[in-house]
Amino acid sequence: MTAPSPHILVVDDHRDIRETLARYLAKNGFRTTTAESAAHARKALKAAAVDLVVLDIMMPGEDGLSLCRHLVETDALPVILLTAMAEDTDRVIGLEIGADDYVTKPFNPRELLARIRAVLRRTVPSPRDRDPVEHDQLWFDGWRLNVARRELFDPAGGDVPLSSGEFQLLRAFLKRPKMVLTRDQLMDLTSGRTPVVFDRSIDNQVSRLRRKIEADPKDPKLIKTVWGGGYMFTAVVSDGPE
């Protein structure tokens, strides 16, 4: 089964920028949706699963930093900020609240494309890391992951949308339960090592995944932090319901 191409949401109040960028990304193999404001972005996010958001900081109404904070804390999405040359403080704040990277306006679309790929590349498994045997279904703590269809179901049977990065990280944990996995190992297991400037990707992805599967993300029971080591998935994993 061929996985769909990554879905990028472009949020910018300047029509020329967002539509030109959306066309450029579509030409380079991405699915795209555009939004002219934070309010329209929120509606777009409810309508479809998105893998990454390209977000302008300076917008009328709710600004990009406010929306970025919401995306990181609530929807747990990777964000690349579009900033103006004079927005050094906002750029730093954006990175501090969890944005994955930034591009300064005016920007070269090829540079932004490279940065988008640098974030998403870490969510695509390297062929050498794929196991020869893959179960179609994996169960843990009442949850069910349909590996072939990349669908996650909670204990009540509800469908929980996963981004590509969240799916790859959860799959890596489920195939190695009760094992301490370092950040370096998780990088290798989810994408192969690709160094980037702002590489907090594993910690960000773990935080996003916890918000999807933990009853209390601030006190995680399924994905434990091992201080000085990395992370460990604590639940029993099986290829059928217990």
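Structure: above.
Residues numbered from 1 in each chain as written. Predicted model: local features only at pLDDT ≥ 70, side-chain atom pairs only at ≥ 80, totals over all residues. Heavy atoms only, no water.

**Some thoughts on the overall build of the chain**
And step 1. Assigned secondary structure in the chain consists of eight helices and 13 strands.
And step 2. For the chain, long-range pairs separated by at least 24 residues make up 62% of all intrachain contacts whose partners lie at least 6 apart in sequence.
And step 3. Surface accessibility of the chain: about 11900 Å² in total, with carbon and sulfur atoms responsible for 53%. (Helix = DSSP H or I, 4+ residues; strand = E, 2+ residues; numbered from the N terminus. Contact = heavy atoms within 4.5 Å. Areas by Shrake-Rupley, 256 points an atom, 1.4 Å probe, with all protein chains shown as cover.)

**A closer look at the sheet that holds strand β1 (residues 7-11)**
In a beta sheet, neighbouring strands are held together by backbone hydrogen bonds and run either parallel or antiparallel to one another.
And step 1. Spatial ordering of the open sheet is given by β2-β1-β3-β4-β5, a layout of five strands whose pairing is parallel. The strands lining the two open edges of the sheet, one partner per strand, are β2 (31-35) and β5 (101-104). Strand after strand, the sheet turns through a mean of 20° between neighbouring axes, direction not considered.
And step 2. As paired strands, strand β3 (residues 52-56) and strand β4 (residues 79-83) are joined by four bridges and run parallel to one another. Bridging from a neighbouring strand, Val 53 pairs with Val 79 of β4.
And step 3. Along the sheet, helix α1 (residues 15-27) makes contact with β1, β2 and β3, crossing β2 at roughly 175°. (Pairing = 2+ DSSP bridges. Axes fitted to C-alpha atoms, helices over the stretch in contact; angles between N-to-C directions.)

**Looking at the side chain of Ser 238**
And step 1. Within the secondary structure, Ser 238 sits in strand β13 (residues 237-238).
And step 2. We classify Ser 238 as buried; its relative accessible area is 19%.
And step 3. Not counting residues up to four positions away in its chain, the partners in contact with Ser 238 are Gln 137, Leu 138 and Trp 139. (Buried < 20%, exposed > 50% of the residue type's maximum accessible area, 1.4 Å probe, protein only.)

**Considerations on helix α7 (residues 183-190)**
And step 1. Those residues of α7 that fall on the buried side of the exposure criterion are Leu 186, Met 187, Leu 189 and Thr 190.
And step 2. Among the structural elements, α6 (164-174), β10 (180-181), α8 (201-213) and β12 (230-233) are those in contact with the buried residues of α7.

**Side note on the sheet that holds strand β9 (residues 159-160)**
And step 1. One open sheet holds the five strands; their spatial order is β9-β8-β7-β6-β13, and the pairing between them is antiparallel. Two strands in the sheet have a free side with no partner beyond their single neighbour: β9 and β13.
And step 2. In terms of strand pairing, strand β7 (residues 143-146) meets strand β8 (residues 151-153) through three bridges, oriented antiparallel. Residue pairing in the sheet places Leu 145 in a bridge with Leu 152 of β8.

**So, the pairing of β4**
And step 1. Burial within β4 is extensive, with five of its five residues counted as buried.
And step 2. Going residue by residue along β4, you find Val 79, Leu 81 and Thr 83 tucked away on one face and Ile 80 and Leu 82 tucked away on the opposite face as well.
And step 3. Sheet analysis places β4 next to β5, joined by four bridges and oriented parallel. Paired with Leu 82 across the strands is Val 103, a residue of β5.

**Side note on the packing of aromatic side chains**
And step 1. Taken as a whole, this structure holds three aromatic pairs when the rule is applied.
And step 2. Consider the rings of Phe 173 and Phe 233, whose centres lie 6.1 Å apart with planes at 25°: the pair is stacked. Of this pair, Phe 173 sits in helix α6 while Phe 233 sits in strand β12, and the two are 60 residues apart along the sequence. Comparing Phe 173 with Phe 233 shows no difference in burial state: the two are buried.
And step 3. Three or more aromatic residues joined by ring pairs make a cluster, and in this case those are Phe 140, Trp 143, Phe 173 and Phe 233. (Phe/Tyr/Trp six-rings, centres within 6.5 Å; stacked < 30°, edge-to-face > 60°.)

**Here's the deal with the side chain of Asp 12**
And step 1. Here Asp 12 lies in the loop between β1 and α1.
And step 2. Judged by its relative accessible area of 0%, Asp 12 is buried.
And step 3. Separated by 3.0 Å, the side chains of Asp 12 and Lys 105 make a polar contact. (Polar contact = N/O pair within 3.5 Å; in protein donor to acceptor, adjacent residues only side chain to side chain.)

**Structural notes on α8**
And step 1. Here α8 is 13 residues long and its end C-alpha atoms lie 18 Å apart, about the 18 Å a rise of 1.5 Å per residue gives.
And step 2. Inspection of α8 places Ser 201, Ile 202, Asn 204, Gln 205, Val 206, Arg 208, Leu 209, Arg 210 and Ile 213 among the buried residues, and these make up the whole buried set. (Expected span 1.5 Å × (residues − 1).)

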